[in-house]
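Letter by letter, the chains look like this.
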Amino acid sequence: MNTKFVTQIGVTALVAGLGAPAFAGPTYENASGGTFRFYGQFNPAYQSFDDGVESYDALVDSASSNSRIGFWLVQPFGENTLRFNFETALGLRSSDGVDQNGRPQNISWDRTRIRKIDLQYETARYGTFSFGQGAMASDGLAEEDLSGTGVVQTSSVADAAGGFRFRTSAGVLSNVTIGDAFASLDGGRLGRIRYDSPEVSGFTISASYGEDILSVNSDREAYDIAVRYGNDDLGDFAVRGALGVVWNENGPGTKTRDVVASFAVLHEPTGLSFAAAAGDRDTGGDYGYVKLGYSANLVPVGATSVAVDYYDGSDMVSAGDSSESWGITAVQNFDQQNVEAYISYRDYSYADTTTSYLDGSSIFAGARWKF
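These numbers come from a predicted model, not from an experiment.

Caption draft 1: Molecular detail of the pattern of salt bridges. Overall, the coordinates contain 12 salt bridges when judged by the stated rule. Between Arg83 and Glu122 there is a salt bridge, with the nearest N and O atoms lying 2.3 Å from each other. Taken as a pair, Arg83 in strand β6 (residues 80–89) and Glu122 in strand β7 (residues 114–123) lie far apart in primary sequence, 39 residues in all. As a salt-bridge pair, Asp145 and Lys291 come within 2.5 Å of each other at their nearest N and O atoms. Taken together, the positions of Asp145 in the loop between β8 (127–135) and β9 (165–167) and Lys291 in strand β17 (residues 286–299) put the pair 146 residues apart, joining distant regions of the chain. Among the charged side chains, a network of salt bridges with common partners joins Asp51, Glu54 and Arg167.

Caption draft 2: Representation of the nonpolar core in the model. Membership of the largest hydrophobic core comes to 35 residues, with the highest contact counts inside it found for Phe166, Ile178, Phe182, Tyr287 and Tyr348. Sorting the residues of this core by element identifies β3 (44–50), β4 (55–61), α2 (178–181), β17 and β20 (339–351) as the ones contributing at least two each. Membership of the second largest hydrophobic core comes to six residues, among which are Phe334, Val339, Ala341 and Ala367.

Caption draft 3: Focus on the packing of aromatic side chains. In total, this model carries 20 aromatic pairs according to the counting rule given. A centroid spacing of 4.4 Å and a plane angle of 20 degrees characterise the contact between Phe49 and Phe164, whose relative ring orientation is stacked. Taken together, the positions of Phe49 in strand β3 and Phe164 in the loop between β8 and β9 put the pair 115 residues apart, joining distant regions of the chain. Arranged with centres 5.9 Å apart and planes meeting at 45 degrees, the rings of Tyr56 and Phe164 form a pair that is tilted. Here the residue Tyr56 occupies a position in strand β4, and Phe164 occupies one in the loop between β8 and β9, the gap between them amounting to 108 residues. The exposure class of Tyr56 is buried, given its relative accessible area of 17%.

Caption draft 4: Examining the side chain of Ser147 more closely. Examined against the element boundaries, Ser147 turns out to sit in the loop between β8 and β9. Owing to a relative accessible area of 2%, Ser147 belongs among the buried residues under this scheme. Among the polar contacts listed, one links the side chain of Ser147 to the side chain of Lys291, at a separation of 3.2 Å. Other than its neighbours up to four places away in sequence, Ser147 contacts Ser273, Lys291, Gly293, Ser295 and Ser305.

About the cut-offs
Counting starts from 1 at the beginning of each chain's written sequence and moves along it residue by residue. For a predicted model such as this one, the threshold for reporting local features is a pLDDT of at least 70, and the threshold for listing and counting side-chain atom pairs is 80 or more; totals across whole chains, interfaces and linings nevertheless cover every residue. Hydrogens are left out, water is left out, and the side-chain values use all remaining heavy atoms of the structure. The term salt bridge refers to a side-chain nitrogen of Lys or Arg lying within 4 Å of a carboxyl oxygen of Asp or Glu. Secondary structure elements are defined from DSSP: runs of H or I of at least 4 residues count as helices, runs of E of at least 2 residues count as strands, and each element is numbered from the N terminus. By convention a nonpolar core is built from buried Ala, Val, Leu, Ile, Met, Phe, Trp, Tyr and Cys residues, the set being connected through side-chain atoms within 4.5 Å. Only protein chains enter the accessibility calculation, which uses a 1.4 Å probe; a residue is then buried when its area is under 20% of its type maximum, exposed when over 50%, and partly exposed in between. Any two rings among Phe, Tyr and Trp, with Trp reduced to its six-membered ring, count as a pair given centres within 6.5 Å; such a pair is stacked if its planes are under 30 degrees apart, edge-to-face if over 60, and tilted if neither. In protein, a polar contact means a hydrogen-donor-capable atom and an acceptor-capable atom, both N or O and within 3.5 Å, with residues adjacent in sequence counting only if both atoms are side-chain atoms; elsewhere, any N or O pair within 3.5 Å suffices. Residue contacts are counted whenever heavy atoms from the two residues lie within 4.5 Å of one another.

Here it is as structure tokens:
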């Protein structure tokens, strides 16, 4: 596709998002205090990837936070609450699904796009019990962040271009993808049962067991445990932290154990922030990630946030390999429109013990509109 034409489409989508009215899905209430509310978001982006030999451009849906719709049903029962949440991605072409050999269809929806069919029972004394398709206890463990740039820049550095493959120094496409080399080991969503403890002094403990009930012929099972901490009242600082362990099995002889943690701190008077994440897989693969950010109300429409980050991984694809990435991002909030507009640049490098590879880079620009 013509690059200029794609760019024009991306700019048009961005302007349309900025001009969209700000509204939240209406909330309907019954006589006993129960409510129904729908919500969603649209997150189109312009993707450009350079593999050292050729560049590729596409209009995509951001894998960092895909376009989706959903609804909540909430019914209180005395001091306890019953909730039901349905949520599905729209099935638009994902930024981590494009590669040098082509791009998926503009829209392709199947049942694996369902994010949540989740029944929750929250008790005042004993915590929350959840049943159905939804987030495992380890979901989000690697992504604690107070920089204001999480819409596009997280420890999941492969989201902007995960399907693209590195080229060897001879210019030949290899079998190593950005997604393979830059895993975050973060938990995901499965058909699961989950328990979340009540919050005590900022701490919560979560545990879950799940199976992949949406993919065809999948044998994946997982169980995990996580502890999280959050405090916005530490003087001038806000703090977030998470630590957990995930045991995965994708069939006989495929057991792995991942340990994942992340931490974030924001100095509220200055807008300066720091975040870090790390992960380790017992069968091979570990990484560290750091991020520095700054947010300020530079213009009246909303906060402006900028950040730089760095990822360093090893043994992700093969023993003795290394993967490095750095990125810079800017996000502008438009509060009245519920829009976050962003642009991000990222550089990727990979090396193993047998082959030399060219560096890759990506430019990613778009806007997320929430309603």
